[in-house]
Amino acid sequence: MVVKRYHIDVRVETAVHVWSGENYVKDLDLIVRNGKAYILDYNLLVEKLVAKNIDIAKITDEMLRSPQTLLDKYDIRLEDISSYILNVPKELNVSRDIKKQITIGNAKAIPGSEIKGLFRTAYLHYYLKYKARQDLVKAIRDSIEMIMENCKVNVKKAGYSIEAVLKGYISTGRKGGERPYDVFQCIQVTDPIDLNTKCYLENIVVYDRASGNVVANQTIEALAKNSRLRYILGIYEKPGTKLIQTTVYNIRDLDSKIDEVHKSLFDALKYFSKDVIQYEIKLLSESKFGEYDVSKQINLMKKWLGEVDKGEAYYLKIGFATGHYAKTIYLALPDDLKRYLINIMSYCVKLVSHGRISEWDHKTLKLLGSLYVNKKVVPFGWIKLRVERVGD
């Protein structure tokens, strides 16, 4: 039974990318021409070739190796064999592998699971920074020591130990040998119920704050600024589950858990939003940008802080390359643990980049490449989020 229901309205403030797990390959899956990226539909290409009485068996290798050659040879327009077309900003240097934005139905979108994950991250940050007990701090210290060992085995799983500690912390109450109650069992976020999104090709540039150099670059299919999505957030009791059927938690206990989520979740979003904005402002202010324009972005983010303080909205980072550890765990740790985590995660980053990057995320910024080439500094991955109660 749903106890409380809300609309979540999301607006993309800077380019956002949620990776589908798949890549486009330039000149095979898409062709860039005259400021457009044409996503090829090979079924349409085959139909066009058959209509021209071309023996497909004789040109299959050429078609899979260089489709552009076939288009020129047989006078086929890109527009006629494309599933859809993306804008490409002027002077964007498109890499060979392009990360593909996730699709829900037929629309490019941010899944509801990503929004719920963001809420969980905010909740963890809130409890770690503002509600933490000494036993949690000790557990995190121990888990940081495990990162190094995990990294040697599997770099991508380096941080699992610290995540496990944090997720376990918001699971409360262990009775009769039952599993602890996770307050996020009470939360459900739907996939978008309404959306108006646009995508384009963008580059994420990794900017080293100390040297002032770009140390990495990745082309992505990005949700464009002002894309909008609406979700339903339900805070509910889950009927028919072991949680309610047994006497481990009676209904009064369950109601108190739901109230706990309701009261603390929005405080958590507010504190998390403010901390992440302030941290990004700090990084921007202390970086070496020379003649590049950063003041406009800093002033805009200060306005965001005012909106958050007034309870008008939350500004948060979401999706690919937005720094889970740097923006969540790192921000909430005591100073000595921050230094400890920096050293270990820098080691892990060096491993995963094969020595190309030796500094961890807090010493870099992820910027929009299409604006950076025009001497404008705009961070990647920001959304504006509003939550409004719906009915009873």
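Each remark here, short or long, concerns the structure printed above.
Participant: Tell me about the nonpolar core, and please be specific about residues and values.
Facilitator: Judged by nonpolar contacts, the single largest core of 69 residues is most densely connected at Ile8, Ile110, Ile115, Phe119 and Ile277. It is helix H8 (residues 251–286) that provides the largest number of residues to this core, a total of eleven residues. Not counting the four nearest positions on each side in its chain, Ile110 is found in contact with Val16, Val18, Ile104, Ile115, Pro192, Leu223, Leu229, Tyr231 and Ile318. Counting residues in each nonpolar core, the second largest holds 14 residues, with Ile31, Leu49, Met63 and Leu78 among its members.

Participant: Which residues make up the pairing of strand E13 (residues 199–208), and what values do they have?
Facilitator: Burial of E13 is extensive: ten of the ten residues sit out of reach of the surface. Burial along E13 is two-sided: the residues Cys199, Leu201, Asn203, Val205 and Tyr207 and Tyr200, Glu202, Ile204, Val206 and Asp208 are all buried. Bridge count for E13 against strand E14 (residues 214–223) is nine bridges, and the pairing is antiparallel. Counted as the bridge partner of Tyr200 is Ala222 from E14. Connecting E13 to the next strand, E14, in antiparallel fashion are five residues, including Gly212 with a positive phi near 80 degrees.

Participant: I'd like a description of the pattern of salt bridges, backed by residues and values.
Facilitator: Counted by the stated rule, this structure contains twelve salt bridges. For Lys100, the salt bridge goes to Glu22, with nearest N and O atoms at 3.7 Å. Remark: Glu22 occurs in strand E2 (residues 19–25) and Lys100 occurs in strand E6 (residues 97–101); sequence separation between them is 78 residues. Assessed through its relative accessible area of 46%, Glu22 is described here as partly exposed. Note that Lys384 is salt-bridged to Glu307, the shortest N-O span being 3.3 Å. With Lys384 in strand E18 (residues 382–389) and Glu307 in helix H9 (residues 295–309), the pair connects residues that are 77 residues apart, well separated along the chain. The buried category is assigned to Lys384, whose relative accessible area is 9%. Residues joined by salt bridges that share partners form a network here, namely Arg209, Lys282 and Glu286.

Participant: Now, about the packing of aromatic side chains: what can you tell me, with residues and values included?
Facilitator: For the structure shown, the criterion picks out seven aromatic pairs. Between Trp304 and Trp382, the aromatic rings sit 5.3 Å apart at their centres with planes inclined by 55 degrees, giving tilted as the arrangement. Here Trp304 is found in helix H9, whereas its partner Trp382 is found in strand E18, with 78 residues between them in sequence. As far as the burial class goes, Trp304 and Trp382 line up, both buried. Three or more aromatic residues link up through ring pairs in this structure, and these residues are Tyr207, Phe289, Tyr292 and Tyr372. Positioned over the ring face of Trp19 is Lys99, at 3.7 Å from the centre of the ring. Sitting over the face of the ring of Tyr6, Arg389 holds its NZ or CZ atom 5.7 Å from the ring centroid.

Participant: A description of the packing of helix H1 (residues 42–51) against helix H2 (residues 56–65) should follow, citing residues and the corresponding values.
Facilitator: At a minimum axis distance of 12 Å, the contact between H1 and H2 shows a crossing angle of 140 degrees. Looking at the two axes, H1 sits oblique to H2. The handedness of the crossing between H1 and H2 comes out as right-handed. Touching Tyr42, Leu45, Val46, Leu49 and Val50 of H1 are Ile56, Ile59, Met63 and Leu64, all from H2. Partitioning the contact of H1 with H2 into residue classes produces nine nonpolar, no polar and no charged.

Participant: Describe the environment of Leu201, and please don't skip the residues or the numbers.
Facilitator: The residue Leu201 is located in strand E13 in this model. Once you skip the residues sitting within four places of it in the chain, Leu201 turns out to touch Ala37, Leu86, Asn87, Val88, Pro89, Leu92, Val94, Ile98, Ile220 and Glu221.

Participant: Describe in detail the pairing of strand E17 (residues 364–368), supporting the description with residues and values.
Facilitator: For E17, a buried count of five out of five residues is recorded, marking the element as mostly surrounded by other parts of the structure. Across the two faces of E17 the burial is the same, with Thr364, Lys366 and Leu368 and Leu365 and Leu367 all buried. Sheet topology note: the E13/E17 ladder contains five bridges and is antiparallel. Following the sheet pairing, Val206 is matched in E17 by Lys366.

So, how was this worked out
- Residues numbered from 1 in each chain as written.
- Predicted model: local features only at pLDDT ≥ 70, side-chain atom pairs only at ≥ 80, totals over all residues.
- Heavy atoms only, no water.
- Core = buried A, V, L, I, M, F, W, Y, C linked by side-chain atoms within 4.5 Å.
- Buried < 20%, exposed > 50% of the residue type's maximum accessible area, 1.4 Å probe, protein only.
- Helix = DSSP H or I, 4+ residues; strand = E, 2+ residues; numbered from the N terminus.
- Contact = heavy atoms within 4.5 Å.
- Pairing = 2+ DSSP bridges.
- Salt bridge = Lys/Arg side-chain N within 4 Å of Asp/Glu carboxyl O.
- Phe/Tyr/Trp six-rings, centres within 6.5 Å; stacked < 30°, edge-to-face > 60°.
- Lys NZ or Arg CZ within 6 Å of the ring centre and 35° of its normal.
- Axes fitted to C-alpha atoms, helices over the stretch in contact; angles between N-to-C directions.
- Parallel < 35°, antiparallel > 145°, perpendicular 65-115°, else oblique.
- Left-handed = near helix turned anticlockwise from the far one by under 90°.
- Nonpolar A, V, L, I, M, F, W, Y, C, P; charged D, E, K, R; others polar.

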